[in-house]
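Chains, contacts and geometry: an overview
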Amino acid sequence: MITIRPGGLDHPAVIELLALHLAELRADTPLDNAHALDLDGLRRPGINFFAGWDGEELLGVAALRALSVDHGEVKSMRTVVAHRGKGVARALLSHLIATASARGYRRLSLETGTAPRFAAANALYEATGFVDCDAFGGYPPSPHNRFMTLSL
């Protein structure tokens, strides 16, 4: 059973998962095109961080970044390896979509990678209704990045 709670950036398991997240993403994507946020970046105003838990066991994380009064961005989606394929990412993404809708956002966008490591994430985003779009939010277009959006 997944319980999604706000916060958790000081929890050791969250810190460890985010360190793995950054290391793996930066291994597959040139640094100029790697846009994952570190802990300090996730603490900035306008970003809400969520962690999914089963009791005290971390299952995954995700964040929602405000781009404008009606546009949000999915950031830092990551599932703990042992819990992949169990619906954790889908639950976190659903939570972000519901939060964005409740805030009155009309659009939710994301930037992801194009390397094979991103295939499962891309499949989830497509299945949820995200469609390809132009680069947004100051990101430069590149063959290493995929930009997607969902109308809410």
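Our structure is the block above this text.
Residues numbered from 1 in each chain as written. Predicted model: local features only at pLDDT ≥ 70, side-chain atom pairs only at ≥ 80, totals over all residues. Heavy atoms only, no water.

Secondary structure assignment for the chain yields 4 helices and 7 strands. Against the 2.2 N^0.38 benchmark of 15 Å for 152 residues, the chain shows a C-alpha radius of gyration of 14 Å, consistent with a compact globule. Principal-axis analysis of the C-alpha atoms places the extent of the chain at approximately 40 × 35 × 30 Å. Summed over its atoms, the accessible surface of the chain is roughly 7,600 Å², and 55% of this surface lies on carbon and sulfur atoms. Here the chain holds 15 positive side-chain charges and 16 negative ones, and the gap between their average locations is 3 Å. (Helix = DSSP H or I, 4+ residues; strand = E, 2+ residues; numbered from the N terminus. Rg over C-alpha atoms; globule rule 2.2 N^0.38 Å. Areas by Shrake-Rupley, 256 points an atom, 1.4 Å probe, with all protein chains shown as cover. Lys, Arg positive; Asp, Glu negative; His and termini not counted. Charge placed at Lys NZ, Arg CZ, Asp CG, Glu CD.)

Within the secondary structure, R146 is located in strand β7 (residues 145–151). Given the relative accessible area of 17%, R146 is considered buried. In terms of polar contacts, R146 uses its side chain to reach the side chain of E126, at 2.7 Å. (Buried < 20%, exposed > 50% of the residue type's maximum accessible area, 1.4 Å probe, protein only. Polar contact = N/O pair within 3.5 Å; in protein donor to acceptor, adjacent residues only side chain to side chain.)

Bringing the environment of R44 into the picture now. Within the secondary structure, R44 sits in the loop between α2 (39–42) and β2 (47–54). Among the residues examined, R44 registers a relative accessible area of 47% and is labelled partly exposed. Once the C-alpha coordinates of R44 and R65 are considered, the two residues, 21 residues apart in sequence, prove to be 9.3 Å apart.

Our focus in this paragraph is the pattern of salt bridges. For the structure shown, the criterion picks out 9 salt bridges. Its salt-bridge partner being E73, residue R65 comes within 2.9 Å of it at the nearest N-O pair. Here R65 falls in the partly exposed class, since its relative accessible area comes to 26%. D132 is the salt-bridge partner of R146, the closest N and O atoms lying 2.6 Å from each other. Of this pair, R146 sits in strand β7 while D132 sits in strand β6 (residues 131–132); the two residues are 14 residues apart in sequence, bridging distant segments of the chain. Bridged by salt links that share partners, the residues D10, D40 and R43 form one connected network. (Salt bridge = Lys/Arg side-chain N within 4 Å of Asp/Glu carboxyl O.)

Of all hydrophobic cores here, the largest spans 20 residues; its most connected members are V74, M77, L93 and F130. Going through the elements one at a time, β3 (57–68), β4 (71–79), α3 (88–102), β5 (107–113), α4 (119–128) and β7 are the ones with two or more residues in this core. The dominant element in this core, judged by the number of residues it contributes, is α3, at 6 residues. Among the nonpolar cores identified, the runner-up in size contains 13 residues, and L9, L37, L42 and W53 belong to it. (Core = buried A, V, L, I, M, F, W, Y, C linked by side-chain atoms within 4.5 Å.)

Here we take up the environment of S109. Here S109 lies in strand β5. S109 has contacts with H71, G72, E73, V74, F130, F136, M148 and T149, leaving out every residue within four places of it along the chain. Polar side-chain contacts of S109 include one of 2.7 Å to the side chain of H71. (Contact = heavy atoms within 4.5 Å.)

In terms of strand pairing, β2 meets β3 through 8 bridges, oriented antiparallel. If you follow I47 over to β3, its bridge partner there is R65. Between β2 and β3, which pair antiparallel and follow one another directly, the connecting turn spans 2 residues, one of which, G55, has a positive phi of 65°. With 7 bridges joining them, β3 and β4 adopt antiparallel strand pairing. Along β4, the bridge assignment pairs G60 with T79. (Pairing = 2+ DSSP bridges.)

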